[in-house]
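Results of the structural survey
Okay, here's what each chain looks like letter by letter:
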Amino acid sequence: MSARARDAIDQDAMVALLRQMIAIPSQHFEEAKVGAFMAERMHEAGFSVTEMDVHHPLQEGRLTRQSIGLLKGTGGGPTVMINGHLDVNVLMPGWTVDPHSAHYEDGWIWGLGAQDDKGGLAAAFEAILAIQRAGVPLKGDVLFCPVAAHKVGGTGTRTLVKNGVKADYCINLEHSANTIGSVIVGSVRVRLRTKTPGLFFRFTEEARAGYFNPLEQHALLIGAFGPSLTPLPHNGWARHRPHPQLPGFPMIRYDAVSKDHYGTSSDLIFQIRTVPGMTLQGVIEDVTAVVERLKAQHPALDCEIIIPANGANDPFYMEPTALEDDHPLVAAMIHGYRHATGKEPQVGGVERIGNFGDGNVLQAAGIPSVQFGPGDIKRYPEWPAPDERVHVTELMTTSRTVAHAIVELCG
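Residues numbered from 1 in each chain as written. Predicted model: local features only at pLDDT ≥ 70, side-chain atom pairs only at ≥ 80, totals over all residues. Heavy atoms only, no water.

**A few points about the sheet that holds strand β13 (residues 303-306)**
Strand order in the open sheet formed by 4 strands is β11-β12-β10-β13, with antiparallel pairing between adjacent strands. In this open sheet, the two strands that pair with only one neighbour each are β11 (251-258) and β13. Averaged over neighbouring strand pairs, the angle between their axes works out to 20° when direction is ignored. Pairing analysis gives 4 bridges linking strand β10 (residues 186-195) to β13, with the strands arranged antiparallel. Bridging from a neighbouring strand, Leu192 pairs with Ile305 of β13. (Pairing = 2+ DSSP bridges. Helix = DSSP H or I, 4+ residues; strand = E, 2+ residues; numbered from the N terminus. Axes fitted to C-alpha atoms, helices over the stretch in contact; angles between N-to-C directions.)

Here is the structure:
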């Protein structure tokens, strides 16, 4: 039956939908217009549509809107969620086409969100329409979730979870060059707040003896935690078991330092991209052990540890995820890719190494997730990048793979 659905995919309709989506600007917390557009498409396709407010986790009073659609099955099957984000990357300089013109030439569709994530959403939505068009019955339900505010720590998806939205499986439509991301890093942001008594250029020796400049304390801390974007050693300060699908991880990167001119405290923020088996509590203990060792060597060191960096509800905290190849969701995606391409898929960390997505949020909430979709960031010298684009062949692979997986899981 999945072959009937795959054969019913309308490439022209899929491309047209994506071009319409790209033409609607949608920076994070400005997604309401494109969200309403997708709600209309879902209504037309017979979905039951629910709208919800999405509140900014760090800016009180700021909100956006998102809509999710439910397509009921005949009963007795699992619910599959299709999740992708409508907010796009920042507009980088250097575009050679209008980033909202959805320029289409030689099979390429250009524009903000073409691969991240509007392309995946358009492909998956066409997969669902093709299943309907082919008359393939589904026992299970399909949830289509074009969410807002992914770029702010998966806030739209976190809103789904808070509102009680549930599913048995999720295909998280992140650009992965159509590899199946079943093993995904997590992320913990660490804030180290150093302090010292205020001291100006006229001082007593007694006062100077108790002074340790907050920035110089940071220098000491950076030396202890090691350099950015360098694999943390297995037997180093961060306890972990290396994961074969995530070579080079865990890894840290220093992100920010803030101090007022005459301030007596300073914040250093860095993030750790974690591997499966690492926990928030474990990271807290490991960071604390490093700081305590330094305090024993430097009595004037005064360092407050705040993990996660933005408090207990930090939107940028993500747990790592891992699913085995024989998990029903992963197996369905593998089968779908084979049928879509006649080739064997790459499965594991592959093109999602170092990246996380809303699938992390959902798996932490008990919904097994894989990350999969069109678009390859390796075609750009850096990411985000100008001239974001996706090829129609990538979209067709996504659509066919998703169609098969839905039928296999819900049929």
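The structure having been displayed, the exposition proceeds.
**Describing the packing of aromatic side chains**
One pair of aromatic rings is described through two measures. These are the centre distance and the angle between the planes. On inspection of all chains with the given rule, the structure shows 6 aromatic pairs. Ring centres of Phe225 and Phe270 lie 5.1 Å apart, and the angle between their planes is 45°; this geometry places the pair in the tilted category. Of the two residues, Phe225 sits in helix α7 (residues 214-225) while Phe270 sits in strand β12 (residues 265-274), which places them 45 residues apart along the sequence. Note on Phe225: relative accessible area 1%, which makes it buried. Between the NZ or CZ atom of Arg189 and the centre of the ring of Phe316, over which it lies, the distance is 4.2 Å. For Arg389, the ring lying beneath its charged end belongs to Trp110, and the centroid distance is 5.1 Å. (Phe/Tyr/Trp six-rings, centres within 6.5 Å; stacked < 30°, edge-to-face > 60°. Buried < 20%, exposed > 50% of the residue type's maximum accessible area, 1.4 Å probe, protein only. Lys NZ or Arg CZ within 6 Å of the ring centre and 35° of its normal.)

**Thoughts on helix α2 (residues 11-22)**
Across its 12 residues, α2 extends 17 Å between first and last C-alpha, which sits within 8% of the 16 Å expected from 1.5 Å per residue. All of the buried residues in α2 are Met14, Val15, Leu17, Leu18, Met21 and Ile22. Around the axis of α2, the buried residues are gathered within 160° of arc, so they sit on the same side. Those residues of α2 hidden inside the fold are in contact with α3 (32-44), β4 (104-105), β5 (108-110), α4 (118-133), β17 (389-391) and α11 (392-410). At the N-terminal end of α2, a side-chain oxygen is found 3.1 Å from the backbone nitrogen of Asp12, two or three residues along, and the residue is Asp10. (Expected span 1.5 Å × (residues − 1). Arc of directions from axis to C-beta. Contact = heavy atoms within 4.5 Å. Polar contact = N/O pair within 3.5 Å; in protein donor to acceptor, adjacent residues only side chain to side chain.)

**Overview of α3**
When the terminal C-alpha atoms of α3 are compared, their 18 Å separation across 13 residues agrees well with the 18 Å that a helix rising 1.5 Å per residue should span. Listed as buried for α3 are Val34, Gly35, Phe37, Met38, Ala39, Arg41 and Met42. Buried-residue contacts for α3 involve α2, β1 (48-55), β2 (63-71), α4 and β6 (142-147). Of the residues one or two after α3, Gly46 is the one with positive phi, at around 90°.

**Considering the state of the cysteines**
All told, the structure shown has 0 disulfides when counted by the stated rule. Cys410 forms no disulfide, and the closest cysteine sulfur to it belongs to Cys170, at a distance of 12 Å. (Disulfide = S-S within 2.5 Å.)

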